[in-house]
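The residues making up each chain are set out below.
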Amino acid sequence: MLKVMIVEDEDIVREDIKHLIDWEQHGFEIIAEARNGGEGLRICMEQNPDVIITDIKMPVMGGLEMIDTILQIRKSKKIILLTSYGDFDFARQAIQLGIHSYVLKHELDGSLLIQELNKLKQQMQEEESVGYLARREQLRMYLKRMESMIDDAGIIVTDDLFRWKGRTGILIMGFDSLHPDQEYTQNRPAAVDRKTFIDFMYARSSDKVESEVVDMYDNEYIIFYRIPERSSELSIFEYSSHLANHLQSLVNKAFSRKISVAIGPVFENQRDIRESLKKTRELYALRIFRKGSSLLVQTHKQLDKQALLASIDHKLKEIQEYLKHEQYGLANEAIDELFTRLLVALEDIAALKNGILELIRLINLKAIPKHGTPMIEPFDALSEIQQLGSVYQIAEWFQHMVMKLEEESNAKYSKKIRELLQYIHANYAKDITLNEIADRMGFSLIYASQLFKKEVGVSFITYLTQYRIEKARELLASGHYKVYEVSSMVGYQTVQYFSKTFKKVTGLSPGDL
């Protein structure tokens, strides 16, 4: 729908023009009216019509002066000039300004108006078809050249980088990665062709605002858009957020995919593009800490960064201890907390990278003595992790590695001991004894005790206690049960003995969790 503004000082003429045709039926929408050129200029800057129908002679500011000013700022505007018998000198000036659509007021009727509007529409479509690709390539080359420079000194300012002058907003967007479970389902969304997507984004964003769209890197689409004149900081935020939300909704409907969008700082001078783009990319990188379909904006959160970094370091040490003692369930709980609570709260890419590298080291530290080789090859792992879209998926990836570590760890036991461990894991809440275990194994009490300690590394009672306390920690951490309930659920007759054992094993009281 093309937007139309009517500028005419005579009320009756304006009303006649408004009712000459069914505007929407022909693909047009009257968005504004003005009584003189000064008012028309102001409204044009605010509402950005595609077509302006204007009289020549008007109070305050005439039509030609208004047109001259508008075309200096926005060269693509289309004008229909209304003239009278004595206005031909003015019409010649209009032709010099590049206006080729003018009609006599007394001859204007519905069919003539439709004819002129359609002529302009076709002209705009032809210009847009050729101009859009040229502008996109010019903009891409400009940005690539700008990024290759060491500083801003070599940036060349050009008047035709955008079709508008003044303040410009910037969005960076890209598809959220699919969850690994979606990759192999029948309902997996179809792959989106890059050209198809960028053409779609240009058409939909330009329908709302004056904009340019460029694809710089894989899954990075940049939209530059004109900010309305005299917008406050709050109205700019609302305007940009509305545009971003609108595009997210359209993409979800058209492609059945979610996108995250970063809203960058507004710039006015072309020399500020570099810094604005840098800050927007930094925001866009933070999408890894969100679950998807995120709207990323600059915030000024009050964070105790040092305290969070200390908590992250402490959590990594916890994971190391859990792995050392083969408490794999607790290790996976700690990994979940590390990624989905601590790192999400910090939102620091460097801390995330350090955490990933340290976890790889810790898992290999556990695996190498047993297998002689690393379980995780760092280069391959980092390449695989880079394809994951969020810290939530990265947490799942590491938890899967810990589960593999546990499976390989269990594989070292003989068939009898594996069966015995499975029995303990299934019946730890019952009052099981070494005598019962020896009977199940078909061994004497002394031999069963020696074999268990030889293969598992600890005595039967120590293993059973550690396993019960590990399960108790999991239950308490869930927040669904009271201490006395957990005590019974993991096989203890009294809550007092349970609490004493819990503190001896963990160093904490059950109520501390």
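Along each chain, numbering runs from 1 in the same order as the chain's sequence is written. The predicted origin of the model limits local features to residues at a pLDDT of at least 70 and limits the giving and counting of side-chain atom pairs to 80 or more, whereas totals for whole chains, interfaces and linings rest on all residues. The side-chain quantities take in all heavy atoms of the structure and omit both hydrogens and water.

Enquirer: How should the overall build of the protein chain be read in this particular structure?
Expert: Comment: elements are numbered from the N terminus, with helices defined as DSSP H or I runs of at least four residues and strands as E runs of at least two. Secondary structure assignment for the protein chain yields 20 helices and 10 strands. In this treatment the radius of gyration is a C-alpha quantity, and the globule benchmark scales as 2.2 Å times the residue count to the 0.38 power. The C-alpha radius of gyration of the protein chain comes to 35 Å, more than 25% above the 24 Å expected for a compact globule of 513 residues. Taking the principal axes of the C-alpha coordinates as reference, the protein chain spans close to 120 × 45 × 45 Å. Looking at the 513 residues of the protein chain, the share that counts as buried comes to 45%. At a minimum sequence separation of 6, the contacts of the protein chain that also span at least 24 residues come to 68%. Only the protein chains shown count as cover for residues, with accessible areas throughout obtained via the Shrake-Rupley method and a probe of 1.4 Å. Total accessible area on the protein chain stands at roughly 26800 Å², and carbon and sulfur atoms take up 51% of it. Only protein chains enter the accessibility calculation, which uses a 1.4 Å probe. A residue is then buried if its area is under 20% of the maximum for its type, exposed if over 50%, and partly exposed in between. Contacts between residues were defined by any pair of non-hydrogen atoms, one from each residue, lying within 4.5 Å.

Enquirer: Help me out: how do you make sense of the pairing of strand S4 (residues 78–83) in this one?
Expert: If a strand is regular, its side chains alternate between the two faces of the sheet. With six of six residues buried, S4 lies mostly within the body of the structure. Burial of the side chains of S4 extends over both faces: Lys78, Ile80 and Leu82 are buried on one face and Ile79, Leu81 and Thr83 on the other. Pairing of strand S3 (residues 51–55) with S4 involves five bridges; the strand directions are parallel. The residue bridging Ile52 from the neighbouring strand is Ile79, located in S4. Handedness of the β-α-β unit built from S3, helix H3 (residues 63–73) and S4 comes out right-handed. Sheet analysis places S4 next to strand S5 (residues 102–104), joined by three bridges and oriented parallel. Looking across to S5, one finds that Leu81 is bridged to Tyr102. Paired strands are those between which DSSP finds at least two bridges. Convention used here: a crossover is right-handed provided that the path from the first strand, over the helix, to the second strand proceeds clockwise when the strands point away from the viewer.

Enquirer: Explanation requested: the environment of Leu108 in the structure shown.
Expert: Structurally, the position occupied by Leu108 is in the loop between S5 and helix H5 (110–148). C-alpha separation for the pair Leu108 and Leu20, spaced 88 residues apart in sequence, amounts to 9.0 Å. With sequence-adjacent residues up to four places away left out, Leu108 is seen in contact with Ile17, Leu20, Leu82, Val103 and Leu113.

Enquirer: Honestly, the nonpolar core in this entry has me stumped. Any pointers?
Expert: If you look at the biggest cluster of nonpolar residues, it comprises 61 residues, and the most contacted ones within it are Leu143, Phe224, Ile273, Leu323, Phe339, Ile363 and Phe398. Residue contributions to this core peak at 11 residues, all from helix H11 (residues 328–346). Only buried Ala, Val, Leu, Ile, Met, Phe, Trp, Tyr and Cys residues count toward a nonpolar core, and they belong to the same one when joined by side-chain atoms within 4.5 Å. Core analysis: the second largest hydrophobic core is formed by 28 residues, Met441, Tyr463, Leu464 and Phe502 among them.

Enquirer: Is there a simple way to explain the environment of Arg42 in this structure?
Expert: Counting through the fold element by element, Arg42 comes out in helix H2 (residues 37–47). What makes Arg42 partly exposed here is its relative accessible area of 38%.

Enquirer: Please explain the pattern of salt bridges as it appears in this structure.
Expert: Pairing is possible between side chains that carry opposite charge, provided their charged atoms lie close to one another. Salt bridges, as used here, are contacts in which a Lys or Arg side-chain nitrogen is within 4 Å of a carboxyl oxygen on Asp or Glu. Following the criterion strictly, the structure yields 29 salt bridges and no others. A salt bridge links Glu147 to Arg281; the shortest N-O distance between them is 2.4 Å. Placement of the pair is Glu147 in helix H5 and Arg281 in helix H9 (residues 273–285), with a sequence separation of 134 residues. We classify Glu147 as partly exposed; its relative accessible area is 27%.

Enquirer: What should I look at first to understand the sheet that holds S4 in this one?
Expert: Whenever strands of a sheet pair, they do so through backbone hydrogen bonds, lying parallel or antiparallel. Reading across from one edge, S2-S1-S3-S4-S5 is the order of the five strands in this open sheet, with parallel pairing throughout. Since the sheet does not close on itself, it has two edges, and those belong to strand S2 (28–34) and S5, each with one partner. With direction set aside, neighbouring strand axes in the sheet form an average angle of 20°. Axis lines are fitted to C-alpha atoms, over the contacting stretch for helices. Their N-to-C directions set the angle, which ranges from 0 to 180 degrees. Helix-sheet contacts for helix H1 (residues 11–18) involve strand S1 (2–7), S2 and S4, and the interaxial angle to S2 is about 175°.

Enquirer: Looking at this model, I keep getting lost on unusual backbone geometry. Mind explaining?
Expert: Leaving glycine out, the prevailing phi sign among residues is negative, and the prevailing peptide bond configuration is trans. Within the chain, Asn219 stands out as a residue other than glycine whose phi angle is a positive 60°. Following the sequence through the fold, Asn219 ends up in the loop between strand S7 (211–217) and strand S8 (220–226). The phi angle at Ser293 is positive, at roughly 55°, despite the residue not being glycine.

Enquirer: I keep staring at the confidence of the model for the protein chain and nothing clicks. Help me out?
Expert: Detailed reading of the predicted coordinates is not advisable wherever pLDDT is low. Of all residues in the protein chain, 94% attain a pLDDT of 70 or more, and the chain-wide mean is 87. Mean pLDDT values for the elements of the protein chain range from 53 in helix H6 (residues 180–183) up to 96 in strand S9 (residues 259–263). Per residue, pLDDT measures the predictor's confidence, with a range of 0 to 100.

Enquirer: I would appreciate a short explanation of helix H14 (residues 391–410) in the present structure.
Expert: Each α-helix winds once per 3.6 residues, and so residues spaced three or four apart point in a common direction. To estimate the expected span of a helix, count its residues, drop one, and scale the result by 1.5 Å. Look at H14: 29 Å from first C-alpha to last across 20 residues, which is about the 28 Å you get at 1.5 Å a residue. When we look at burial in H14, the residues that qualify are Val391, Gln393, Ile394, Ala395, Trp397, Phe398, Gln399, Met401, Val402, Leu405 and Ser409.

Enquirer: What is the right way to read the side chain of Lys77 from this model?
Expert: Note on placement: Lys77 falls in the loop between H3 and S4. Charge counting treats Lys and Arg as positive and Asp and Glu as negative, with His and both chain ends excluded. Buried charge without a salt bridge: Lys77, with Glu210 as the nearest opposite-charge side chain at an N-O distance of 4.0 Å. A polar side-chain atom of Lys77 sits 3.0 Å from a polar atom in the side chain of Asn48. In protein, a polar contact means a hydrogen-donor-capable atom and an acceptor-capable atom, both N or O and within 3.5 Å, with residues adjacent in sequence counting only if both atoms are side-chain atoms; elsewhere, any N or O pair within 3.5 Å suffices. Engagement of the side chain of Lys77 in a polar contact is seen with the backbone oxygen of Pro49, the distance being 3.3 Å. Beyond its immediate stretch of four places on either side in the chain, Lys77 contacts Cys44, Asn48, Pro49, Asp50, Ile70, Leu71 and Glu210.

Enquirer: Just checking my understanding: could you explain the sheet that holds S8 for this structure?
Expert: Taken in spatial order, the five strands of this open sheet run S7-S8-S6-S9-S10, and their pairing is mixed. Two strands lie at the open edges of the sheet, namely S7 and strand S10 (295–296), each paired on one side alone. Pairing of strand S6 (residues 168–175) with S8 involves six bridges; the strand directions are antiparallel. What sits directly across from Met173, in S8, is Tyr221.

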